[in-house]
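What follows is each chain in one-letter form.
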Amino acid sequence: MAQITSLREAVKELVADGDTVALEGFTHLIPFAAGHEIIRQELERLTLVRMTPDLIYDQLVGMGCATGLVFSWGGNPGVGSLHRLRDAIERGWPHPLEIEEHSHAALANAYVAGASGLPFAVLRGYSGSDLVKHNPNIRFINCPFTGEELAAVPAVKLDTAVIHAQKADRRGNVLLWGVLGVQKEAALAARRVIVTVEEIVDDLDAWPNACILPSWVVSAVCCVPGGSFPSYAHGYYDRNNPFYQQWDGIARDRDRFRAWVQRHILDTADFDEFRRVLAETSEAEQRG
Amino acid sequence: MTGADYDTNEIMTVTASRRLRDGAVCFVGIGLPSTAANLARLTHAPDLVLIYESGPIGAKPHVLPLSIGDGELAETADTVVSTPEIFRYWLQSGRIDVGFLGAAQIDRYANINTTVIGDYEHPKVRLPGAGGAPEIAGSAHEVLIMLRQSGRSFVDTVDFITSVGHLDGGNARERLGLPGKGPVGVVTDLCVMTPDPETRELTVTEIHPGVTREQIREATGWPVRFAERVTDTPEPSRHELEVLRDLKRRTDEAHRSDAVGR
């Protein structure tokens, strides 16, 4: 059964140095509040898994929380580069980052294999791509029935999965909807699962085929309204595109990035305070 | 330019949109392809089915998405499925007619690089990476590519093949056992290139109004060949330009959201 607890407690209990962790959410429902809490608790040597690293991993990688990254598209959507990720790969700052790079199809399949308890995933893919030459975890097998050559990649196996969802009930059953990405697969591929939610309600009022994670596969549920800002929560708030644009300037420079994280994450107690400080600094910046 | 009242991005977008037939099922990349695909849907191809890798099937966005998973796509779609399902049931199974891709770098055989400039282990510039493109390039029945043309983006050999085009030409795709036909056209701001039927080398088949052969040669990193019969790209119609500009105006208005901290 899921414990309903604070995000600080959940991260303290359920994420450890050296763990393999995925904070998932495909553009939608990205668990930024949980990412910040990992930075606040100064976790180290994490192997991070995520299809689209997005700003959340730019922050974690830039603060040196990770030594490994498994991913399939590492950009700032609609804007350009993830400068902290690039700095880690191109120049080893703040320290070298070992990358395992896939295509979306392969990584999505690898999550399914992890959720299914299988050792690897099989797909029709990667033919002719140079990714095969640089990632020893992309291999090829022959179909035992037809002989067709197919790609194989190892299953994603996580110590902890972290996702954000719209709602949970008081027993810890979780409901999410909209663009679902690989959140369900990530949760089921993990030994421990943290879910932050917009609200905790008496009754989820869900339709029979709704995407539900039953309480008994979830370790902790934390109520963090707005917890996927600056991404969005369908039915609650829109994506904050200006923040994604502003991030480009913040992350471009090492000192400016460090100062931003210090002021907005390390010096704040939680996500609520982060939002308050961000509103203040943004207003001050607008006033010039 | 000829002094016509449209810019190079507009003729590129209109020309690409015309290549999408009504009723086709199109797997759409973000950016230029998404703009052209939605223009097609709003003009000559109302039943064009747009599929985005984040899960929306049959998306009919009123404004263009900035990211591949915008809520607008989910809200206007016939259905939204998980990302594994998109790649397994819909792409891999052969249900996509046209894969519509952008690129950072493309070579004479329409191989696409979105991974690195320079060496993979010690990259000069690290690009975002593959995303959905390698399997779209492999499994879609055919692939349409759209990007602005320059000596930097059109190179003899890409530094890294992220998504396979026609590899080293000829029947390379068949030898690899790839299910789809691969790139059938590359639309740029200067011209349209099509793979030669034998060698599969990209060859200029259409030139946009006012563009010279010399301009195209200068913006191509290999000695580019022109097909025996090169046609002039038809100008965008008034209707196409109006719909495209409306779409962009709506998009700009919608994305001008409130302050960063809110």
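Notes on the structure follow. (Residues numbered from 1 in each chain as written. Chains lettered and ligands numbered in written order. Predicted model: local features only at pLDDT ≥ 70, side-chain atom pairs only at ≥ 80, totals over all residues.)

Some words on the overall build of chain B
Each helix and strand in chain B was counted, giving eight helices and 15 strands. Taken over C-alpha atoms, the radius of gyration comes to 18 Å for chain B, in line with the 18 Å a tight globule of 262 residues would show. The C-alpha extent of chain B, read off along each of the three principal axes, is 50 × 45 × 40 Å. Summarising the internal contacts of chain B: among those between residues at least 6 apart in sequence, 67% fall at separations of at least 24. (Helix = DSSP H or I, 4+ residues; strand = E, 2+ residues; numbered from the N terminus. Rg over C-alpha atoms; globule rule 2.2 N^0.38 Å. Contact = placed C-beta atoms within 7 Å.)

Notes on the pairing of strand β9 (residues 139-142) of chain A
Residues and elements named next belong to chain A. Looking at chain direction, β9 and strand β10 (residues 149-154) are connected through four bridges and run antiparallel. Across the sheet, the residue bridging to I141 is L150, located in β10. Counted between consecutive antiparallel strands, the loop separating β9 from β10 contains six residues, among which G147 sits at a positive phi close to 85 degrees. (Pairing = 2+ DSSP bridges.)

Thoughts on the nonpolar core
One finds V195 of chain A together with C26 of chain B to be the most contacted residues of the largest nonpolar core, which totals 168 residues. Not counting residues up to four positions away in its chain, the partners in contact with V195 of chain A are I163, A165, A168, V174, L213, V218 and V221 of chain A. (Core = buried A, V, L, I, M, F, W, Y, C linked by C-beta atoms within 7 Å. Buried ≥ 20, exposed ≤ 12 C-beta atoms within 10 Å, placed from the backbone.)

Focus on unusual backbone geometry
All names here are of chain A. Going from W93 to P94, the amide bond is cis rather than trans, its omega being 0 degrees. Within the element layout of this structure, P94 appears in the loop between α4 (83-91) and β7 (98-101). For E42, which is not a glycine, the phi torsion comes out positive at approximately 55 degrees. Within the secondary structure, E42 is located in the loop between α2 (32-40) and β3 (46-49).

A short note on the interface of chain B and chain A
With 44 residues of chain B in contact, the opposing surface of chain A contributes 52 residues. Elements that contribute at least two residues to the side of chain B that touches chain A include exactly α3 (71-76), α4 (83-92), β9 (123-126) and α5 (133-139) of chain B. In terms of residues, the side of chain B that touches chain A owes the most to one element, α4 of chain B, which gives five residues. Partitioned by chemical class, the residues of the side of chain B that touches chain A number 19 nonpolar, 19 polar and six charged. (Nonpolar A, V, L, I, M, F, W, Y, C, P; charged D, E, K, R; others polar.)

Digging into the packing of α2 of chain A against helix α3 (residues 54-62) of chain A
A pair of packed helices can be characterised by two numbers: the angle between their axes and the separation between those axes. All names here are of chain A. The geometry of α2 relative to α3 is characterised by a closest axis approach of 10 Å and an angle of 0 degrees between their N-to-C directions. Judged on the interaxial angle alone, α3 and α2 are roughly parallel. Together, F32, G35, I38 and I39 of α2 and I56, Q59 and L60 of α3 make up the contact between the two elements. Classifying every residue of the contact of α2 with α3 gives five nonpolar, two polar and no charged. (Axes fitted to C-alpha atoms, helices over the stretch in contact; angles between N-to-C directions. Parallel < 35°, antiparallel > 145°, perpendicular 65-115°, else oblique.)

Describing the sheet that holds strand β8 (residues 120-123) of chain A
All names here are of chain A. Spatial strand order, β8-β10-β9: three strands in an open sheet with antiparallel pairing. Each end of this open sheet is capped by a strand with a single partner; those strands are β8 and β9. Here the average twist between neighbouring strands, direction ignored, is 40 degrees. Two strands pair when backbone bridges link them, and β8 and β10 are joined in this way by four bridges, in the antiparallel orientation. What sits directly across from L123, in β10, is A151.

Some words on α4 of chain A
In terms of burial, α4 of chain A is largely enclosed, as seven of its nine residues are buried. Burial in α4 of chain A covers these residues: H83, R84, L85, R86, D87, A88 and I89 of chain A. Of the surrounding secondary structure, the elements contacted by the buried residues of α4 of chain A are α3, β6 (80-81), β7, α8 (241-252) and α9 (254-266) of chain A together with β9 of chain B. A positive phi of about 65 degrees marks G92 of chain A, the residue just after α4 of chain A.

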